[in-house]
Amino acid sequence: MTALGLEYDAVRAYLRERDFVRHETGTVFEVGTLAGTAWRMALAEVGAGNDAAAVVTEQARQLFSPRALLFVGVAGALKDDLALGDVVVATRVHSVHGGKDAPEGFLARPEGWAGSHELVQSAKHALRDQSWHTESAPGDTEGQRHPRVHFKPIAAGDVVLNSATSVLRQQLRTYYNDAVAIEMESAGMAHAAQIGRVEALTVRGISDMADGNKYAEADTEHQPRAAAHAAAAAVAVIRHLPPPQAPSAPLGRAALPSSDRDGLPGSPRSGTPLSLRHLLSCFADAPLPLYVLSPAAISAVGIPELSADRVAAEISEFTVEPVTASGEPGAPMVPCIRAGAATPVDAAGATPDERARLCTYAGALLDHAVAAPPDDSGLPLLAPHVLALLWRRDGDPARSIAAARRVRDAYLARGRYEDGLPLAVQLVMSGQGGLKDDLALGQLHSGRGDFGEAEVVLRRVLAKAEKDAAEHGLSLAGRTGPSMRDVLTNDAEGPFTRDLSQTQCDVLGFAARVQHALGNALYGLRRYPESERLLQAAVGLLWRTQGAEHPGRMLAQMHRAQAVARQHRWEEALGLVHDVIPWAARLRLDQDSPETDALIRLAHAEVTAEIVASRQRGDRQRTRGVGMFPAPVVKWLGRTVTPTRPDRLTWADVRSLCDDAVRACERAFGGPHPRTTEARAVRDRASEGMGG
């Protein structure tokens, strides 16, 4: 939806094969295909005002049952860090005219609606770089900076704001201070969309600063440019969504393409013998590795309607071509069934039970394929099919969810965070996931460098973990590690599980994983004291429940050392490092847990590099008093202190540690992995410090 004709024209430029649909009240929608996609889009010019936007939103819902609804247009800026032509994607819409005019002044009664989580997530990925801004907009000049995208709340009122000092401007500063732009339609749309349960999002281009300098000549210059930027951003968001499916299915959970698209077969009618062509209708419109439907796979899953001979005969009828998952030259080729290669069968609709049966079989085949693929080269080819089954609501979802988790975890382990994120999001949005799925989503965000997103997710998970612990009679607010009595009267290596059940140990162990992940996210946000506190708690929990030899405890301790080193407490950081290194060497982590060994070596190199660089800059070392401890405790603490002093470390030491870290990362993760790249970057830094 748009409010102005120039906004309408900016969006209309992306439509192909246009036609018109008229609502019974007279509202006209122009309907067409979004260029380069299979999406159908209905476009309306609603005019100014929230009331009109609310009415047309409901009309659009009645006519089209839309998967998503976007309001696209221009807005005035409320913050100085926005520039003309920038784009705002509304994370929340404030309705700004609700309140009470009392003798003591205006008393706001705020009302607002959050932007669709799925659409905001799609926008963040689609608009992360400047690839969406590929065409010159009206008013763009050569050398002009690209428009920035801001994910912030937006205000929607019923008047045009054109003053930096008016009463309305002051009310916005006081009651809606997080809003960065203002316009006149999104509150009506958002409210109607919420009632109608439609995913909705506002995308606005900045056409003025709402500061008294808005006049007709300026609008003529700046509005077309702002509208064009908003339209390009909105189209990029739509292109990033999962492909369109059945019209009535909600966004992200839609059924797969119907049988009359691209030659894919339909579902069997009741009594029609099951064939591979019927199963193909459950998968995505993408190359499907042939081994997913092999006779061995069918047999392993147990589909009684399909014999091995029949499967082999049907496969011979398909058109098969080799496909590379990465598309890079020299990458392994995987034989795949081409999209649309199967001949159509009777396209009459199946009964719900038959459809559920097909989807259950398809999920089982994918779970089997992901669990034991011939090699890793086929993993990216399986991902779209796993996602497709997650979007469905047919059949038993257990096997589809299991397959999705396997692919997600494989991507997480391989450092392919961008590829794993859509699966993690869909698992969480499916409503079938658990806290471990939320944790994986946070870890993927953190791996991508989206530390703010990771913190939001992981804070929520930690709150649930704390609640779960409380329900089992445990607390994460106070002592998490072993007590002093435990250390002095038992084996200090732990674990200290005498008073804990196995369930309680599992609860505390999961909480430690969340604390570790959140601590790493806060480290990425450079909030080092908070990071250290969480990592210290994670170390204590793992020491208490798993013992000092647990690889997770050692790795959390090393990451804690990084946070301590960033606070210039170098001797303390080295003490933590040398609490871990002897354990890792004695336990031969390089053989039994090479990934953890590589990460420990990388953290050791980074801690040392931070100390050397800080000393080189002239930073002063900080210390933290330990107070008065009993003699046995002092003796125990002495075992963790290393003879290595910060003033003895050099870039040559860093380079040696980096060489070990690079080799360990290459063995554990491979050359292209982000951790290996990180180790090489630290090594390059050490080489520069050594003078090349």
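Residues numbered from 1 in each chain as written. Predicted model: local features only at pLDDT ≥ 70, side-chain atom pairs only at ≥ 80, totals over all residues. Heavy atoms only, no water.

(A) Focus on the sheet that holds strand β2 (residues 28-34). Strands sit in the order β1-β2-β3 across an open sheet of 3 strands; the sheet is antiparallel. The open sheet has two free edges, formed respectively by β1 (15-22) and β3 (40-43), since each of these has just one partner strand. Sheet twist, expressed as the mean angle between neighbouring strand axes with direction ignored, is 25°. Pairing geometry for β2 and β3, over 4 bridges, is antiparallel. Of the residues in β3, the one forming a bridge with Glu 30 is Leu 43. Each of β1, β2 and β3 is contacted by helix α2 (residues 50-64), which is oriented at about 60° to β2, the strand it contacts most. (Pairing = 2+ DSSP bridges. Helix = DSSP H or I, 4+ residues; strand = E, 2+ residues; numbered from the N terminus. Axes fitted to C-alpha atoms, helices over the stretch in contact; angles between N-to-C directions. Contact = heavy atoms within 4.5 Å.)

(B) Quick look at the side chain of His 445. Take His 445: it is sitting in helix α14 (residues 435-448). Filtering out sequence-adjacent residues up to four positions away, His 445 remains in contact with Gln 121, Leu 421, Asp 450, Phe 451, Glu 453, Ala 454 and Val 457.

(C) Quick peek at the pattern of salt bridges. For the structure shown, the criterion picks out 36 salt bridges. The salt bridge involving Glu 549 is made with Arg 586; its shortest N-O contact spans 3.0 Å. Separated by 37 residues along the polypeptide, Glu 549 in the loop between α18 (528-546) and α19 (551-566) and Arg 586 in helix α20 (residues 570-587) bring together distant segments of the chain. Across the pair Arg 617 and Asp 619 runs a salt bridge, and its minimum N-O distance is 3.0 Å. By sharing partners, the salt bridges in this structure join Arg 128, Glu 418, Arg 448 and Asp 450 into a single network. (Salt bridge = Lys/Arg side-chain N within 4 Å of Asp/Glu carboxyl O.)

(D) Local environment of the side chain of Gln 567. With respect to the helices and strands, Gln 567 occurs in the loop between α19 and α20. A polar atom in the side chain of Gln 567 sits 3.1 Å from the backbone oxygen of Ala 563. The contact partners of Gln 567, leaving out residues within four places of it in the chain, are Tyr 528, Pro 529, Glu 532 and Arg 622. (Polar contact = N/O pair within 3.5 Å; in protein donor to acceptor, adjacent residues only side chain to side chain.)

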